[in-house]
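Given next are the chains, with one letter for each unit.
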Amino acid sequence: MSSENACGSICVHLLVLIHGMWGNPNHLAEMRRVMEERRCQATSEKGPGGEQLHILVAETNKDEGTYDGIDWGGERVAEEVYEEIAKLEKDGKKVTRFSVTGYSLGGLIARYLVGILHQRGFFTSVTPVNFNTIATPHVGLPRYPTVISSLFAFFGPKLLSRTGEQFYAVDKWSKNGRPLLEVMADPNRLFYQALTLFQHVRIYANAVNDVTVPYPTAAIELDDIFVNHDKDGMQIEFDEEYNPIVKSYTTPASITRPPKPRLLTAQWFKELRPTRPLLPPALQFAFPYNVLIYVLTPVLIPVFLTLVITRLSLASRASRTRIKKLEKDESSAERLVHIIGSLEREVEDAVVDMFDNDNSPSSSEPTLAAVSAETASPDPKAELIRASGVPAEREPGLVLNELQRKMVTWLNTLPGLKKELAFIHPVRNSHATIISRDVKRFPSHKLGEGVLRHWADHFIM
């Protein structure tokens, strides 16, 4: 099929890739390589109108730019999209189909981006096709009853500037005080509505070992069913072609955990042995350097924390100064106001309803009891995966607040939502591994290549 349209232009399917927090385009090098190998060759499948795939890796949010918030990140990428389209048109090419994939924070920026494009009427002439996220905190960052999690929840909004506030949903993004993540998840708002336009919506999540973006928020689930996978005897079946993608999982009908061993016994010492590396890949050295690292840990930890906090504080301060300048800039402010103004006209009615419902016994918001009816996944594979296991009781360690639970309810009503789980174990943190972020420095990151191949092979042209 010819790739030229009626006007004689070459038709293009534009795919936008968006990196995560503290990221840069190099982090997505393997994603781009795998997609190009499978979809950008002369013999590769073309779109229904003969479209050729063209990949744009967003650059304007790299490094410290990721502190400036999901919204400003989305605005910047939107400008990149329009600039790239203009360049393509100069070369006699016309974008007729559009897809986007966001990794980590990039997934949230992608959701904001498609809201901008939808509001501007972009999809009236360009067909939205694939929307994918990988290890994205869709409902923000949850809290676990650990010291580290509590510290992150306290310092995150302070040390990560606008993005940190939005991660923990403590911002008041809308004029009526609603956090941005809540507005983006609301089925009555344009961000959600933009997602429903895509033919193919699929999210990838780490089932285990993602210290940065845990399973519940990446997979948009209420429970962390994998948190005790080893103690519960959970059996994992992998997709043979796309390992570490999970094909199915099973949990024993009855779980009997052995009693805790007596203090200082052989079994007690055995259970102290970690099931995954204690140190990140950059600090995993062979003998005798590993011993030196452990000996110096009491000194290294306070020094490291001091450096990190100082670095984050300076970057956050610079970000807040940068945001103030952006908000004062008339051209930038107009773009935000154009979107927010449209949203707030709709939100006013919701606020009136909210006050009315405060005095009534019922609520117009969907209840968590309705999750089973409203969030039934239309994905047969997801149904197979869940049916193969025994429903587990809510893990008491996971703390999803009411707002996060509401967002889980809303987002699971997305038509055709598909979920893929990656089981990467044992690694210290599977967050970078899932996209093979740096295979040159860390060979273990190659474990995530099956996820990238699955993503590329299931990409609709």
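What you are looking at is a predicted structure, and each value in this text was computed from that prediction instead of being measured. (Residues numbered from 1 in each chain as written. Predicted model: local features only at pLDDT ≥ 70, side-chain atom pairs only at ≥ 80, totals over all residues. Heavy atoms only, no water.)

1. Overview of the sheet that holds strand 5 (residues 200–206)
Inclusion rule: Two strands are said to pair when DSSP picks up at least two bridges between them. The way it works is that DSSP assigns letters per residue, a run of H or I at least four long becomes a helix, a run of E at least two long becomes a strand, and they are numbered from the N terminus. Throughout, an axis means a line fitted to C-alpha atoms (over the contacting stretch in the case of helices), and angles, computed between N-to-C directions, take values from 0 to 180 degrees.
Spatially, the six strands line up as an open sheet ordered 2-1-3-4-5-8, and their pairing is parallel. Each edge of the open sheet carries a strand with a single partner, namely strand 2 (52–57) and strand 8 (418–422). Across the sheet, the axes of successive neighbouring strands diverge by a mean angle of 20 degrees, strand direction being ignored. Taken together, the nine bridges between strand 1 (residues 10–18) and strand 3 (residues 93–103) define a ladder with parallel strand orientation.

2. With respect to the environment of Tyr82
Heads up, the condition is: It only takes one pair of heavy atoms within 4.5 Å for two residues to be counted as in contact.
Structurally, the position occupied by Tyr82 is in helix 2 (residues 70–90). With 40 residues separating them along the chain, Tyr82 and Phe122 place their C-alpha atoms 9.8 Å apart. Residues in contact with Tyr82, not counting those within four places in the same chain, are Leu117, Arg120 and Phe122.

3. Here's the deal with unusual backbone geometry
In this structure, Pro244 follows Asn243 across a cis peptide bond, with omega equal to 25 degrees. Residue position: Pro244 is located in the loop between strand 6 (235–238) and strand 7 (246–250). Residues His425 and Pro426 are joined by a peptide bond in cis, for which omega reads 0 degrees. Within the secondary structure, Pro426 is located in the loop between strand 8 and helix 15 (449–457). The backbone phi angle of Trp22 is positive, close to 60 degrees, even though this residue is not glycine. Relative to the assigned elements, Trp22 resides in the loop between strand 1 and helix 1 (29–39). Despite not being glycine, Ile220 has its phi angle at roughly 55 degrees, a positive value. Residue position: Ile220 is located in the loop between helix 8 (215–219) and strand 6.

4. Here's the deal with the packing of helix 2 against helix 3 (residues 105–119)
The geometry of a pair of packed helices is captured by two quantities: the angle between their axes and the separation between those axes. Note the cut-off: Throughout, a crossing is termed right-handed when the near helix is turned clockwise from the far one, and left-handed when it is turned anticlockwise from it by less than a right angle.
Close contact between helix 2 and helix 3 brings their axes to 8 Å; oriented N to C, the two are set at 65 degrees. The handedness of the crossing between helix 2 and helix 3 comes out as right-handed. Of the residues in helix 3, those touching helix 2 at Ile70, Asp71, Gly73, Gly74, Glu75, Val77, Ala78, Val81 and Tyr82 are Leu105, Leu108, Ile109, Tyr112, Leu113, Ile116 and Leu117.

5. Comments concerning the environment of Gly74
Applied cut-off: Note on exposure labels: buried denotes an accessible area under 20% of the residue type's maximum, exposed denotes more than 50%, and partly exposed covers the range between, all computed with a 1.4 Å probe on protein chains only.
By the secondary structure assignment, Gly74 is in helix 2. Overall, the relative accessible area of 0% leaves Gly74 in the buried class. Between the alpha carbons of Gly74 and Ile109 there is a distance of 5.0 Å; along the sequence they are 35 residues apart. Every residue in contact with Gly74, bar those within four places of it in the chain, is listed here: Ile109, Tyr112, Leu113 and Ile116.

6. Digging into the confidence of the model for the protein chain
Filter applied, for reference: Confidence of the predictor at the level of single residues is captured by pLDDT, which takes values from 0 to 100.
Overall, the prediction assigns the protein chain a mean pLDDT of 82, with 74% of residues at 70 or greater. The low-confidence segment residues 354–380 (pLDDT under 50) makes 30 contacts with residues lying over four places distant or belonging to another chain. Counting contacts from residues 382–396, a segment whose pLDDT is below 50, to residues more than four positions away or on other chains yields 28 contacts.

7. Regarding the pairing of strand 4 (residues 127–134)
Just so we agree on the cut-off: Looking down the strands as they point away from you, a crossover is right-handed if its path from the first strand over the helix to the second goes clockwise.
The buried fraction of strand 4 is high, at seven of eight residues. Where strand 3 meets strand 4, six bridges bridge the pair, whose relative direction is parallel. Paired with Tyr103 across the two strands is Ile134, which belongs to strand 4. Read as a crossover between parallel neighbours, the route from strand 3 over helix 3 to strand 4 is right-handed. Relative to strand 5, strand 4 runs parallel, the two being bridged by five bridges. The residue bridging Ile134 from the neighbouring strand is Tyr204, located in strand 5.

8. Focus: the environment of Thr413
How we decide: A 3.5 Å cut-off defines polar contacts: any pair of N or O atoms within that distance qualifies, except that in protein one atom must be a possible hydrogen donor and the other a possible acceptor, and neighbouring residues in sequence count only when both atoms are side-chain atoms.
Among the structural elements, Thr413 can be located in the loop between helix 14 (402–411) and strand 8. Along the backbone, Thr413 and Tyr192 are 221 residues apart, and their C-alpha atoms lie at a distance of 10.0 Å. Side chain to side chain, Thr413 and Tyr192 meet in a polar contact 2.7 Å long.

9. Some points on empty space enclosed by the protein
Formally: Cavities and pockets are defined on a 1 Å grid built over the protein atoms alone: a cavity is a set of grid points where a 1.4 Å probe fits but cannot escape, while a pocket is an open set with protein on both sides within 12 Å along at least five of seven lines, and lining residues are those with an atom within 4 Å of any such point. Grid points are joined across faces, edges and corners, and a volume is the space filled by probe spheres set on the points. Polarity classes work like this: nonpolar for Ala, Val, Leu, Ile, Met, Phe, Trp, Tyr, Cys and Pro, charged for Asp, Glu, Lys and Arg, and polar for all others, with Gly in that last group.
Going through the model one piece at a time under the given rule, you end up with three cavities of 30 Å³ or more. As for the second largest cavity, its lining consists of Arg111, Phe131, His138, Leu195, Val201, Ile203, Ile220, Leu411, Leu414 and Leu417. When the residues that make up the lining of the second largest cavity are grouped by side-chain class, the tally is eight nonpolar, one polar and one charged.

10. What about the side chain of Ser316?
Its place among the elements puts Ser316 in helix 10 (residues 289–328). The exposure class of Ser316 is buried, given its relative accessible area of 3%. Ignoring anything within four residues of it in the chain, the contact list for Ser316 reads Tyr67, Lys158, Leu159, Leu160 and Ser161.

11. Details of the pattern of salt bridges
Selection rule: Salt bridges are counted wherever a side-chain nitrogen of Lys or Arg sits within 4 Å of a carboxyl oxygen of Asp or Glu.
Under the counting rule described, the total for this entry stands at 22 salt bridges. The closest approach of N and O atoms between Lys406 and Glu182, which form a salt bridge, is 3.2 Å. With Lys406 in helix 14 and Glu182 in helix 6 (residues 180–185), this pair connects stretches of sequence that are 224 residues apart. Judged by its relative accessible area of 9%, Glu182 is buried. Between Glu402 and Arg405 there is a salt bridge, and its shortest N-O distance comes to 3.6 Å. Of this pair, Glu402 and Arg405 both sit in helix 14, separated by three residues, roughly a single helical turn.

12. Observations concerning the packing of aromatic side chains
Applicable threshold: Only rings of Phe, Tyr and Trp enter the pairing, Trp through its six-membered ring, and a pair is recorded when the two centres are within 6.5 Å. The plane angle decides the type: under 30 degrees is stacked, over 60 is edge-to-face, the rest tilted.
Inspection of the entire model under this criterion finds 13 aromatic pairs. For the pair Phe98 and Phe123, a centre-to-centre distance of 6.0 Å together with 55 degrees between the ring planes defines the contact as tilted. In this pair, Phe98 sits in strand 3 while Phe123 sits in the loop between helix 3 and strand 4, placing the two residues 25 residues apart along the sequence. For Phe98, a relative accessible area of 0% corresponds to the buried category. Overall, the relative accessible area of 12% leaves Phe123 in the buried class. Ring geometry for Trp173 against Phe191: centres 6.3 Å apart, planes inclined by 70 degrees, an arrangement best described as edge-to-face. Placement of Trp173 in the loop between helix 5 (161–167) and helix 6 and of Phe191 in helix 7 (residues 190–195) is noted, with a sequence separation of 18 residues between them. Looking at Phe191, the relative accessible area reads 1%, which means it is buried.

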